[in-house]
Amino acid sequence: MPAKKGTNRFEEFQLEKQASRELLIHDFLSYLKTSRTRHPNVTALAEFVAKHISMNEGKPCNRATLLRNPRYKSILLSHMADNLAAGTKKLAIKDISDPKSQALTLTLQVETSNLKRDNDRLRAYVAQLESTVARADKQVTALAASTPDALQRGLDQAQIRYARACQSLQLVIKHLNSIVSVDMNSRQIVDLTKRVNNVIVNSDIASGFFDWLDANRGIG
C-alpha cells in the first residue's frame with residue numbers, strides 16, 4: 001500500500017530505531033544489575049552502553065548520542081539512581097552534572113544540617129534540664145529536716161522552678177515541632193527524624209514532665 005500523502009517515512013523509521021535501541025539499552029542495563037557492575041558517573045555508563053550498542057547494531061554509536069537524547073539519558077540516569085540507592089553516602093555533589101539536581105542536593109544538605117543542629121541543641125537542653133531536676137531533688141531532701149515554715153517555703157520554690165522547667169521544655173518542643181514530639185501513649189519525648197532508636201527522653205526520666213502536662217491540659 002502506498003504511503004499516505006504527508007506521511008514522514010523517515011520520522012517513522014527514526015521512532016522505530018529509537019524504540020529498538022531503548023529496548024536494547026534496557027536489556028543491557030538489566031544484565032549490568034545482575035553483574036553488579038558499577039560506573040562512577042553517567043558519562044562512563046554511557047560510554048560502556050555505547051560500545052554494547054555498536055556491537056549489536058554493527059555500526060559505531062557514540063556516548064554523546066546517548067547523552068544528547070533525553071529518552072536514552074533518562075534511562076541511564078534511572079539506572080544510576082537505582083544503583084546509588086544503597087550507598088548514596090558515597091555520592092559527591094561534584095559528580096552530579098545536572099545544575100537543578102546539584103541545587104536540590106545542596107538544599108537538602110543544608111536542611112539536614114539545620115535539623116541536626118536543632119536536635120543537638122535540644123539534647124543539650126534536655127541534659128541541662130535533667131541536671132536541674134536532680135539538684136531540685138537534693139534541695140527537697142535537704143529541706144525535709146528544716147522547720148515546717150522553711151520547708152513549705154522551700155517546697156513552694158521548688159514547685160515554681162519545676163513548673164518553669166516544664167514550661168520551658170514544652171516551649172522548646174513546640175518550637176522544634178518538625179523534629180521533636182511528645183508521645184502521650186508511651187510518655188516519651190521522641191525524635192521525628194528517625195524511625196528507629198528515636199527516643200530522646202524515656203518515660204522514667206520524663207515522668208514528671210508528663211505528670212505536669214496531664215495536670216495542665218488545655219493550658220498554653
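Just above, that's the structure.
Please read these numbers as outputs of a predicted model, since none were measured by experiment.

A.B. asks: How would you summarise the overall build of the chain if you had to cite specific residues and measurements?
C.D. replies: Scanning the chain for helices and strands turns up seven helices and three strands. Starting at the N terminus and walking to the C terminus, you meet the elements of the chain as α-α-α-α-α-α-β-β-β-α. With 220 residues in all, the chain has 25% of them scored as buried. Taking the intrachain contacts of the chain between residues at least 6 apart in sequence as the baseline, contacts between residues at least 24 apart amount to 52%.

A.B. asks: Could you give an account of the nonpolar core, naming the residues involved and the relevant values?
C.D. replies: Grouped together as the largest cluster of nonpolar side chains are 18 residues, with contacts concentrated most on Leu 169, Val 180, Ile 189, Ile 200 and Phe 209. Secondary structure elements with two or more residues in this core: helix 5 (99-143), helix 6 (148-175), strand 3 (199-201) and helix 7 (203-215). The element that contributes the greatest number of residues to this core is helix 7, accounting for five residues. Sequence-distant contacts of Phe 209, defined by excluding residues within four places in its chain, comprise Tyr 162, Cys 166, Leu 169, Gln 170, Ile 173, Val 182 and Ile 189.

A.B. asks: Give a description of the sheet that holds strand 1 (residues 180-183) that names residues and reports values.
C.D. replies: Judged by pairing direction, the sheet is antiparallel, and its three strands sit side by side in the order 1-2-3 without closing on themselves. Unpaired on one side and paired on the other, strand 1 and strand 3 mark the two borders of the sheet. Within the sheet, the average angular offset between the axes of one strand and its neighbour, ignoring direction, is 40°. The pairing of strand 1 with strand 2 (residues 188-191) spans four bridges and is classified as antiparallel.

Conventions adopted
Residues numbered from 1 in each chain as written. Predicted model: local features only at pLDDT ≥ 70, side-chain atom pairs only at ≥ 80, totals over all residues. Heavy atoms only, no water. Helix = DSSP H or I, 4+ residues; strand = E, 2+ residues; numbered from the N terminus. Buried < 20%, exposed > 50% of the residue type's maximum accessible area, 1.4 Å probe, protein only. Contact = heavy atoms within 4.5 Å. Core = buried A, V, L, I, M, F, W, Y, C linked by side-chain atoms within 4.5 Å. Pairing = 2+ DSSP bridges. Axes fitted to C-alpha atoms, helices over the stretch in contact; angles between N-to-C directions.

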